[in-house]
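# Architecture at a glance
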Amino acid sequence: MTIHTKICDLLGVEHPVLLAGMGGVSYAEVCAAVSAAGGFGSLGMAGLSPRFIADQMARVKDLTDKPFGVDLLTAQPETLTASVEVIIKGGAKAFIAGLGVPVAIISELKQAGVVVMCMAGNVRHAVKAAEAGCDVIIAQGTEGGGHTGSVASVALWPQCVDAVDIPVIAAGGLFDGRGLAAALAFGCAGVWMGTRFIASLEAHAGQPYKDAIVGMSESDTVISKVFTGKTLRAIVNDSNRDFDNSTAKPFVMQVAESVQLNRLGPIAGVVDDVTHEWRPLCRAGARCHGPGGLTMRGLAIAALLLAMPALAAPKQLGPVFADFGAFVPIASDLVIPKGLKLRHIYDVTAAAKRGERNDALETAARFINSHVAAGVPEADIALALVVHGPAIQDLLRPAPFAARKAGAANASADAVAALLKHNVRIIVCGQSADAQGIAKADLLPGVEMAISASSAHAVLQAEGYTLNPF
Ligand SMILES: Cc1cc2nc3c(=O)[nH]c(=O)nc-3n(C[C@H](O)[C@H](O)[C@H](O)COP(=O)(O)O)c2cc1C
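Residues numbered from 1 in each chain as written. Predicted model: local features only at pLDDT ≥ 70, side-chain atom pairs only at ≥ 80, totals over all residues. Heavy atoms only, no water.

### Digging into helix α8 (residues 177-185)
Where α8 is concerned, the buried positions are Gly-179, Leu-180 and Ala-183. Viewed along the axis of α8, the buried residues span an arc of 100°, placing them on a single side of the element. Facing away from the buried surface of α8 by more than 90 degrees, the exposed residues are Gly-177, Arg-178 and Ala-185. In the segment just after α8, Gly-187 is the residue with positive phi, at about 95°. (Buried < 20%, exposed > 50% of the residue type's maximum accessible area, 1.4 Å probe, protein only. Helix = DSSP H or I, 4+ residues; strand = E, 2+ residues; numbered from the N terminus. Arc of directions from axis to C-beta.)

### Topic: the site of the ligand
As a matter of local geometry, the ligand sits amid 22 residues, with Asp-71, Gln-140, Gly-173, Gly-194 and Thr-195 nearest to it. For the ligand, an oxygen atom lies 3.3 Å from a polar atom in the backbone of Gly-145. Within the contact set of the ligand, an oxygen atom lies 2.7 Å away from a backbone nitrogen or oxygen of Gly-173. In isolation the ligand exposes 590 Å². Once the protein is present, 94% of that is buried. Contributing elements (two or more residues each) for the shell around the ligand: β3 (68-73), β9 (191-193) and α9 (195-198). Class assignment for the residues of the shell around the ligand results in 9 nonpolar, 12 polar and 1 charged. (Near = heavy atom within 4 Å. Polar contact = N/O pair within 3.5 Å; in protein donor to acceptor, adjacent residues only side chain to side chain. Areas by Shrake-Rupley, 256 points an atom, 1.4 Å probe, with all protein chains shown as cover. Nonpolar A, V, L, I, M, F, W, Y, C, P; charged D, E, K, R; others polar.)

### A word on the environment of Met-193
With respect to the helices, strands and loops of the structure, Met-193 is situated in strand β9. According to the relative accessible area criterion, Met-193 is buried, its value standing at 8%. Measuring from C-alpha to C-alpha, the distance between Met-193 and Phe-175 comes to 6.8 Å, with 18 residues separating the pair along the chain. The contacts of Met-193, once residues within four sequence positions are left out, are Val-17, Leu-18, Leu-19, Ala-20, Leu-174, Phe-175 and Asp-176. (Contact = heavy atoms within 4.5 Å.)

### Details of the pairing of strand β12 (residues 342-348)
Taking burial as the measure, the 7 residues of β12 include 5 buried ones, the bulk of the element. Relative to strand β13 (residues 381-387), β12 is paired through 7 bridges, and the arrangement is parallel. Counterpart to His-344 in the pairing with β13 is Leu-383. With helix α14 (residues 359-373) bridging β12 and its parallel neighbour β13, the resulting β-α-β unit is right-handed. (Pairing = 2+ DSSP bridges. Right-handed = clockwise from strand over helix to strand, strands pointing away.)

Take a look at the structure:
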């Protein structure tokens, strides 16, 4: 028996399970995966440019023909209004507003047939959103990850259901079917889940972050204003443990301070371009924290991208790869002993953005360029990319790639050939390839196929390769 509620009809989905539009995490792959599975995927696009949003929407449509939504923060009005046209044109089924009622854009969206959903952390806010014309309330209890209020789910959901006559979706601390059953019992029409999806294969999140989510206990989070000036639940770390909320600045100013003080932590494995460019800019002595601050990385990425042009030192290409793998030369304090073999693996799951080269290829080329430029002989470097999930598609020959991507050319193909020529091993997970209907013959020449990604890791690590977290 399938569970069918009014949200299924409103959004045109099979199951009343919605992926939260998490900034920095809910990118095209996970959004499309949830929609393709019969739920409702949402892109978390807070703080990102209209062009980026358009690209992500196009990518979702490449991956599935099922409906999906786009989530932005009302507290960032400039990006909100600039992106409405893109959201309508890109064919979003729903718009989801976090941090406030999106009064200025509700009628435009509704006229275009877009369902308008609004997050609410208390009953007053839910009523305000319903009165403003929103179609759906997402009532998030204080248990939720990211920005959150102080009212617990059990108190919030039934009161919102009673207070408004539009569907209410439950959010905050939900992670399985028991949560869905409870939400329905409270009169809600479905569930909106965030944290539960972060550790999924398709989520735009680095492995250390996924590991931290899986490894933590229920008492390892805290609500603090330290990251953004608004109450936000994140994993406990040095930044938020003892922060005095009364000293927090207003929203954008506190975000800027967090970026400046490097509170947001190493954005490990999430956006290689950003982390690799940004990390060298950390001032000496700046504190680097664990993955706890990462719940804010959507905003951090936006802020970092804005700050970068003014701060970044010029990059250089070569000496090995002249077309990609640009790096900033650094006078490193870390001695690399002569003759040391630098032998490591990058575990790659995220696919390239439409029309772009896969980030992991850049990462590998950057490592080789920067180390050879620093005097490490190329022969002392051995890299391997173990590729699974959506990233495998970036290793397809022209014909199978075009067949899957509406006739497009594979923008990663030249980089793959160049890396292979310089003895970088690129190994595909056979299980993951099979699940996507990809055979060895579909792969670019020189790309290897392993029984599985685990098998490749086991063999490579036995051969002395270590797993590089970036
Ligand atoms: C990493 C992270 C980023 C988030 N970013 C946003 C966001 O940009 N916009 C938004 O409306 N909600 C955001 N949220 C809140 C989610 O939409 C959702 O309400 C919350 O994750 C639900 O609680 P759960 O994590 O316990 O499932 C974020 C949550 C997390 C964990």
